[in-house]
Amino acid sequence: MRNVFINAGHFANDPGVVVGTAIERDIVMRVRDGVKALLPSAYYLPDDLNLRDSIAWVNQKSDPGDFAVDIHLNAHADTSVRGTEAYYTETPRYAEVFANKVSQHLQVPNRGPKHDSLTYVGSLGWLHQLKCPSVVVELCYLSNEADRAKILGTGGIEAAAQGIATAIETIFPEEDVIQKKISLLTRLIQLYQQLIELLKGREENKSAKQ
C-alpha cells in the first residue's frame, strides 16, 4: 500500500511569505490540518522540522513507491499575478492534477504545472532530494488581493484542503487499479500452475496403476 506524506511548507520558526497580518506558515498549517481531517491515514510531518530535516524525516520513513506533498503559498512583486501552480522535476502529471484540483476548489486561476527550474531559487530540494515521487503545490498568491481573499475568506482553508485531498485521491486510485490487476493476474497464474500440477499428479497416479 502506498504511503502519502504531507508537509506544511514552513516550519515553526520560519514564517514564509508575510503580507500584513497574513502569514504563510500559519495558513498552510491550517490547510494541512484540513487535509488531515480528510485523509487521516496519511503521514503528517512535525511542525518543528526545517526543510533539510523534513526531507530526512520522509526519506527515513518512505519507500520509493510512496508520495510526498509540500504545501505553500506564493508571492510576486507584481501583485496582479494570481492562481494555483504546482512544481515538478521530471514528469508534470502529478503537478498538473494538483494545480487543476486546488484551483477548482479554491476558485482561483489555474497556472498549471511548472518545472522547478522556473522557481526563484532554481531548484527545489523537496523535489530533488526525496527518494519517493513528490510535488510542491502553491495554493495561490498571498501577494494578490483576490487570491488572499479566497484563501482567508469563508471556507477558503477548507476548499484548499479539499483540493489537495481530491488531487491525491484522483492520482492514486488509477494506480491502485493497475496494482490490483497485476495482483489478480499474478494470483490467476499461481492458480493455473497449481491446476497444472494437480492434473500432472493425477496422470502420474493413473500411469502408476496401469
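Note: the structure precedes this text.
Reading the values: rules and limits
Per chain, the residues get numbers from 1 upward, laid out in the order the sequence is written. With the structure being a predicted model, the display of local features is reserved for residues of pLDDT at least 70 and the display and counting of side-chain atom pairs for 80 or more, all residues being used for whole-chain, interface and lining totals. To obtain the side-chain values, all non-hydrogen atoms of the structure were included, while hydrogens and water were left out. Within this scheme, the nonpolar core is defined by two criteria: the residues are buried Ala, Val, Leu, Ile, Met, Phe, Trp, Tyr or Cys, and they are joined through side-chain atoms within 4.5 Å. Per-residue accessibility, obtained with a 1.4 Å probe over protein chains only, is compared with the maximum for each type, and a residue is labelled buried under 20%, exposed over 50%, and partly exposed between these values. Going along the chain from the N terminus, every DSSP run of H or I of four or more residues is numbered as a helix, and every run of E of two or more is numbered as a strand. Every residue pair with non-hydrogen atoms within 4.5 Å of one another is taken to be in contact. Helix span, expected: 1.5 Å multiplied by one less than the number of residues in the helix. The salt bridge criterion pairs a side-chain nitrogen of Lys or Arg with a carboxyl oxygen of Asp or Glu, the two atoms within 4 Å. Strand pairing is assigned whenever DSSP detects at least two bridges linking the two strands. In this analysis, axes come from line fits to C-alpha atoms, helices being fitted only over the stretch in contact, and the angle between any two N-to-C directions falls in the range 0 to 180 degrees.

**Thoughts on the nonpolar core**
General note: in soluble globular proteins, nonpolar side chains tend to be found buried as a group. Among the nonpolar cores identified, the biggest contains 42 residues, and Val-31, Phe-98, Leu-139 and Ile-151 are the most heavily contacted of them. Elements with a contribution of two residues or more to this core: strand E1 (4–8), helix H1 (24–38), strand E5 (67–74), strand E6 (84–88), helix H3 (93–106), strand E8 (134–141) and helix H6 (156–209). Setting aside residues no more than four positions away along its own chain, Phe-98 makes contact with Phe-67, Val-69, Thr-84, Ala-86, Val-135, Val-137, Ile-164, Ala-167, Ile-168 and Ile-171. By size, the runner-up hydrophobic cluster in this structure holds 14 residues, among which are Phe-5, Leu-49, Trp-126 and Cys-132.

**Regarding H3**
An ideal rise of 1.5 Å per residue puts 20 Å on 14 residues; H3 measures up with 20 Å between its terminal C-alpha atoms. Looking at H3, one finds that the buried residues are Tyr-94, Ala-95, Val-97, Phe-98, Ala-99, Lys-101, Val-102, Ser-103 and Leu-106. A positive backbone phi angle near 60 degrees is found at Gln-107, which sits one or two residues after H3.

**Some points on the pattern of salt bridges**
A side chain of one charge can pair with a side chain of the opposite charge when the charged atoms of the two come close. The tally for this structure, following the rule as stated, stands at six salt bridges. Linking Asp-53 and Arg-52 is a salt bridge whose minimum nitrogen-to-oxygen distance equals 3.9 Å. Asp-53 sits in the partly exposed class, given a relative accessible area of 32%. Exposure remark for Arg-52: the relative accessible area of 63% places this residue in the exposed category. Within the structure, one salt-bridge network assembled from shared partners comprises Arg-32, Asp-33 and Asp-47.

**Overview of the sheet that holds E5**
As summarised here, the arrangement of the six strands in space is E4-E1-E5-E8-E6-E7, forming an open sheet in which the pairing is mixed. On the outer flanks of this sheet lie strand E4 (43–44) and strand E7 (110–115), each paired with one strand and no other. Here three bridges tie E6 to E8, and the two strands are oriented antiparallel to one another. Each residue of the ladder has a partner; that of Ala-86, found in E8, is Val-137. Of the strands in this sheet, E1, E4, E5 and E8 are in contact with H1, which crosses E5 at around 140 degrees.

**Remarks on the side chain of Ser-54**
Turning to its location among the elements, Ser-54 is positioned in helix H2 (residues 51–61). If sequence neighbours within four positions are ignored, Ser-54 has contacts with Asn-7, Leu-45, Leu-49 and Trp-126.

**Notes on the environment of Ala-160**
For Ala-160, the position within the fold is in helix H6. Classification of Ala-160 as buried rests on a relative accessible area of 0%. For the pair Ala-160 and His-105, spaced 55 residues apart in the sequence, the C-alpha separation amounts to 6.4 Å. Beyond its immediate chain neighbours, meaning those up to four positions away, Ala-160 contacts Val-31, Val-102, Leu-106, Leu-139 and Ile-151.

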